[in-house]
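Secondary and tertiary structure notes
Given next are the chains, with one letter for each unit.
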Amino acid sequence: MTSPTSSVKSTFLTAFKTVFRRNAAGALVCIIISLLPTLLFSINSAGKETYTQLSYAIGYYPVVIVYTVFIVLSVYNVFAVYMMFKPFYSRRACDYLLALPVKRSDYFCSSFLLGAAVNTVSFALNAGVYALVVGCFNRQSLLQKVLSGVDIASALKLGAIALLGMLAVYAAFAMCAAAASNTVQYFFMIAGCAYVFPALLNGADMMLSNIWGFPSIMPYFNDITWTGLFKRIYSDSEVPGTAPYIIAAVMIVALFLLGLAAFVKRRAEVAQSWKNGSFVNILISLLYAAFGMLLFVNKNSLLQTLPAGLALGALLAVICGLVLINHKRVFTKPYAVCLAVLAAAYAGFAVFAFNADDSRFVRYVPQAADVESVELVDSGSRYYISEDYNISLFSLLYYFDSGNGGNEYLFEDGQDIEKVIELHKLAVSDEVIDYRRPKYNGETDGSTVFSGQDVCFSLEYTMKNGSKLSRTYRIEKNIWAQYLDILRLPSAIAQTEPYNFDAQDIMLIEGVTYGEEELTETGEYTASTTAVYNIPAKNWPELREIMISDASKRSDLDFYSGFTNYGDITVYTISDLVSPEDRERIRNMSEEERRDLIMNGAALGEDYFGAMVYEGFTVTLCASDTATREYLVSGERQAESAEDGITADTKLLQ
């Protein structure tokens, strides 16, 4: 309905003043609540007097603060836009508001600007308050020591992408509030934006990158989705490039324009009527329908997948049609046409997926002669779950779960690359792809090592022509023997800790060997004696090669799990938190000074303490590590102890 006074509509400033007066109290409460945990943790940080305590505070507290701010702003974004547009869900209030001398576009822009300002101001104030409190109440020299290990530019970039992501979510909610006709529609629509939309984006990216080999853009989607924001907080993600900022900005503008168009074109009659043919309502209904079609997937049968997907998609389409479009006539003409196109696209995709020649994408393995290098990421393992696991979003060709992040191995030698390619060929072979584990009933596939655990890893090839190819696998069939043959390669072991430590940063090496295991009266096995050896740092290159050689010969269980324990070697290296100047000081110390620094907590200047200048990594010695243990206990090494500083101290275990 158009107001008769539309020709004398007022300016944007008048509209903003009206919106601000109505919503200023809620905005102020949101900002105050978000600042409370920041004040608490910053005051706590200000009380830290040592390098160790303040380093922990600088690293940990901001994460908690940002997480809290996200929660507060998420709740605010949901309800703030609802309260801004709630009057338009009443027919009487809608008639009154549209008759006021305020343009609809001005009202929407004013509401959007206020919410966006609250999000931005909350981020800025929390960061400013934390920096101000910590900076004012801590010794400046100590704070500078801590911040010397913090990349301020990277922190600001990560904060910026988080803010843009939150603004994108806010823009989506504002669009839903502007297009909805009532409260139920609004919350139904934001559920689609908050879960269905990111699920479809991530699922599509997973299919394109992990099956067809297109470059993955999932991190960018995560940065502009509801769930991706929270994932970003607890991840050690690299600082994103320019693309995520551009995508987030485009997303914010697009959602803003979509919401503006829907609000400007809405009619007063749709309020409380449950009849709303807005393109936003239709779009979100189609998202739900697509989600239903792709939710049920049986990767072994097109005849099961296609009918089930269409049926579930149709069910969600009917529900969305009743709730979002027309509660009496579900399939309006525009909605029905869009659903027909969507169903045809889904059917075509399903038929193609089950019948296409997958040798060029699912089963594609590059030729070794074309590969410059390949990086393998060990993503841990997954214990097996029920046979019904394959009912999952976008599992039509492939089920994906990256597992936990693990070690990364880069192979550049031709022979190593060929071995990785053989593993890749096995991963896409019929015996692996068609393998289905029985339901959990105590049965195994005949192997006693790692039974019931999936093999999870990622591969990224760098081709000689400069292109890249990425694949990620979660394999049910037990191929642990072939997989561990790759991880046991000396070139792979050399890339893991502590073998990849820089020799000049080694502060101290301590070895321990245990005696034969004995059965105690309590029925437990324990080593009766132990010998402790202090190895000079200059011996690290020699010891490192012996340890790598032994590790490459370990059994599967000992190599991946460290099942047996015949001793250990702990390698202490200079911490990354140490400044370049103090790192050089430690490098120039004598063996005795380094040991005193570690063992006795000797101070390195007034701000460093022993517990923070070093990091230790322990390698468990297995029964097969004979060369390493002989190196520690051999008579020749003992004879050189006076010259090399290798000492042995044998004592009974307490």
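All residue numbers refer to positions counted from 1 along the written sequence of the respective chain. Residues qualify for local features only when their pLDDT is at least 70, as the model is predicted, and side-chain atom pairs are given and counted only at 80 or more; totals for whole chains, interfaces and linings, by contrast, use all residues. Water and hydrogen atoms were dropped before computing side-chain values, which therefore reflect all heavy atoms in the structure.

Time to look at the overall build of the chain. When helices and strands are tallied, the chain shows 25 helices and eleven strands. The buried share of the chain, taken over its 654 residues, is 47%. Contacts: residue pairs with any heavy atoms within 4.5 Å of one another. Look at the contacts in the chain between residues 6 or more apart in sequence, and 80% of them connect residues 24 or more apart. Each accessible area is a Shrake-Rupley estimate made with a 1.4 Å probe; only the visible protein chains count as cover when residues are assessed. Total accessible area computed for the chain in this model is approximately 31,200 Å², and 60% of it derives from carbon and sulfur atoms. The way it works is that DSSP assigns letters per residue, a run of H or I at least four long becomes a helix, a run of E at least two long becomes a strand, and they are numbered from the N terminus. Accessibility here uses a 1.4 Å probe with only protein chains present; expressed as a share of the type maximum, an area under 20% marks a residue as buried, one over 50% as exposed, and anything in between as partly exposed.

Attention now goes to the packing of aromatic side chains. Centres within 6.5 Å make a pair out of two Phe, Tyr or Trp rings, where for Trp the six-membered ring is used; the pair is then stacked when the planes are under 30 degrees apart, edge-to-face when over 60, and tilted otherwise. Counting across every chain of the model gives 24 aromatic pairs. Consider the rings of tyrosine 82 and phenylalanine 187, whose centres lie 5.6 Å apart with planes at 50°: the pair is tilted. Linking tyrosine 82 in helix α2 (residues 51–85) with phenylalanine 187 in helix α7 (residues 183–210), this pair joins segments that are 105 residues apart in sequence. What makes tyrosine 82 buried here is its relative accessible area of 10%. The class for phenylalanine 187 is partly exposed, based on a relative accessible area of 31%. The structure contains a cluster of three or more aromatic residues connected by ring pairs, namely Phe85, Phe88, Tyr107, Phe108, Phe112, Tyr170, Phe256 and Phe263.

The next thing to look at is the pattern of salt bridges. Close approach of charged atoms allows side chains of opposite charge to pair. Any Lys or Arg side-chain nitrogen located within 4 Å of an Asp or Glu carboxyl oxygen qualifies as a salt bridge. The final tally for this structure, using the stated rule, is eleven salt bridges. Across the salt bridge formed by glutamate 460 and lysine 468, the nearest N and O atoms sit 3.9 Å from each other. With a relative accessible area of 29%, glutamate 460 lands in the partly exposed category. Close ionic contact of arginine 585 with aspartate 582 constitutes a salt bridge, the shortest N to O distance being 3.1 Å. Taken together, the residues span about one helical turn, with arginine 585 and aspartate 582 both in helix α20 (residues 580–587) at a distance of three residues. Arginine 585 sits in the partly exposed class, given a relative accessible area of 44%. Owing to a relative accessible area of 6%, aspartate 582 belongs among the buried residues under this scheme. In the salt-bridge network here, residues are joined through shared partners; they are Asp505, Arg583, Glu584 and Arg587.

A few words on the nonpolar core. Each nonpolar core is a collection of buried residues, namely Ala, Val, Leu, Ile, Met, Phe, Trp, Tyr and Cys, held together in the definition by side-chain atoms within 4.5 Å. Phe85, Tyr186 and Ile284 are the most contacted members of the largest nonpolar core, which has 89 residues in total. Here this core takes 16 residues from helix α6 (residues 152–179), the largest share from any one element. Residues in contact with tyrosine 186, not counting those within four places in the same chain, are Asn77, Val78, Val81, Tyr82, Tyr89, Phe173, Cys176, Ala177 and Ala180. Val365, Val371, Leu484 and Ile486 belong to the second-largest nonpolar core, a separate cluster that totals 52 residues.

Another point: the environment of isoleucine 493. Note on placement: isoleucine 493 falls in helix α17 (residues 490–493). The exposure class assigned to isoleucine 493 is buried, which follows from its relative accessible area of 3%. Considered as a pair, isoleucine 493 and serine 552 are 59 residues apart in the sequence and their alpha carbons are 7.6 Å apart.

This brings us to α20. An α-helical turn contains 3.6 residues, so a residue and the one three or four places further along point in the same direction. Residues Asp582, Arg583 and Ile586 constitute the buried set of α20. Looking straight down α20, one finds that the buried residues subtend no more than 105° of arc, so they occupy a single side. Those residues of α20 that are exposed and aimed more than 90 degrees away from the buried face are Pro580 and Glu581. An arc is given here, and it is the one of the directions from the helix axis to the C-beta atoms.

Moving on, we come to helix α16 (residues 480–487). Listed as buried for α16 are Trp480, Tyr483, Leu484, Ile486 and Leu487. On an axial view of α16, the arc spanned by its buried residues comes to 150°, and they lie on one face.

What follows deals with the side chain of asparagine 126. Here asparagine 126 lies in helix α4 (residues 104–137). A polar side-chain atom of asparagine 126 sits 3.3 Å from a polar atom in the side chain of serine 34. When residues no more than four places from it in sequence are discounted, the contact partners of asparagine 126 are Ser34, Leu35, Thr38, Ile65 and Val69. Within 3.5 Å is the distance limit for a polar contact, defined as a pair of N or O atoms, with the added protein rule that one can donate a hydrogen and the other accept it, and that residues adjacent in sequence qualify only through two side-chain atoms.

Before going further, it helps to spend a moment on a negative patch on the surface. Taken together, the side chains of Glu591, Glu592, Glu593 and Asp596 present a region of like negative charge at the surface. Relative to the assigned elements, glutamate 591 resides in helix α21 (residues 591–599). Glutamate 591 sits in the partly exposed class, given a relative accessible area of 31%. The residues that make up patches have over 30% relative accessible area and no salt bridge, and they are joined within 9 Å when like-charged or within 5 Å when they are Val, Leu, Ile, Met, Phe, Trp or Tyr. Within this scheme the basic residues Lys and Arg register as positive and the acidic residues Asp and Glu register as negative, but His and the chain ends are omitted. Just so you know, the charge point we use is NZ for Lys, CZ for Arg, CG for Asp and CD for Glu.

Quick look at the environment of alanine 314 now. The residue alanine 314 is located in helix α12 (residues 302–325) in this model. For alanine 314, a relative accessible area of 39% corresponds to the partly exposed category. Placed 25 residues apart in sequence, alanine 314 and alanine 289 show a C-alpha to C-alpha distance of 6.5 Å.

Another point: a nonpolar patch on the surface. On the surface, Leu28, Ile32, Leu36, Leu39 and Ile43 cluster together into a nonpolar patch covering about 480 Å² of accessible area. Mapped onto the fold, isoleucine 32 is located in helix α1 (residues 12–46). Classification of isoleucine 32 by relative accessible area gives partly exposed; the value is 44%.

Let us look at the side chain of asparagine 281. Here asparagine 281 lies in helix α11 (residues 279–295). For asparagine 281, a relative accessible area of 0% translates into the label buried. Non-local contacts of asparagine 281, meaning those with residues more than four positions away in its chain, are made with Ala179, Gln185, Met189, Asn276 and Leu324.

Attention now goes to the confidence of the model for the chain. Note on scores: pLDDT gives the predictor's confidence for each residue, bounded by 0 and 100. When the pLDDT values of the chain are averaged, the result is 76; 71% of them are 70 or greater. Below pLDDT 50 for its whole length, residues 383–404 participates in 74 contacts with residues either more than four positions away or in separate chains.

Simply put, an axis is a line fit to the C-alpha atoms, just over the touching stretch for a helix, and the angle between two N-to-C directions goes from 0 to 180 degrees. Close contact between helix α10 (residues 242–265) and α11 brings their axes to 9 Å; oriented N to C, the two are set at 130°. Accordingly, the angle class assigned to the pair α10 and α11 is oblique. On α11, the residues touching Leu258, Ala261, Ala262 and Lys265 of α10 are Phe279, Val280 and Leu283. When describing relative orientation, an angle under 35 degrees is termed roughly parallel and one over 145 degrees roughly antiparallel, while 65 to 115 degrees is termed roughly perpendicular and anything else oblique.

Here strand β5 (residues 506–514) lies mainly inside the structure; eight of its nine residues are buried. DSSP-based pairing: two strands are paired if at least 2 bridges between them are found. Relative to strand β9 (residues 567–574), β5 runs antiparallel, the two being bridged by seven bridges. The partner of isoleucine 509 across the bridge, within β9, is valine 571.

A few words now on unusual backbone geometry. Here the residue pair glutamate 497 and proline 498 is connected by a cis peptide bond, since its omega of 0° sits within 30 degrees of zero. Within the fold, proline 498 resides in the loop between α17 and β5.

With that settled, the discussion passes to the packing of α12 against helix α13 (residues 333–355). Where α12 contacts α13, the two axes come as close as 11 Å, and the packing angle between them is 160°. Judged on the interaxial angle alone, α13 and α12 are roughly antiparallel. For the pair α12 and α13, the sense of crossing is right-handed. Along its contact with α12, which presents Leu302, Thr305, Leu306, Gly309, Leu310, Ala317, Cys320, Gly321 and Ile325, the element α13 presents Tyr335, Leu339, Ala343, Tyr346, Ala347, Ala350, Val351, Phe354 and Asn355. In terms of residue class, the contact of α12 with α13 is made up of 14 nonpolar, four polar and no charged. By convention the crossing between two helices is left-handed if the near helix lies anticlockwise of the far one by an angle smaller than a right angle, and right-handed if it lies clockwise. Under the scheme applied here, ten amino acids are nonpolar (Ala, Val, Leu, Ile, Met, Phe, Trp, Tyr, Cys and Pro), four are charged (Asp, Glu, Lys and Arg), and all others, including Gly, are polar.

A few words on the environment of arginine 474. Looking at the element boundaries, arginine 474 is found in strand β4 (residues 468–475). As a C-alpha pair, arginine 474 and serine 458 span 16 residues in sequence and 8.9 Å in three-dimensional space.

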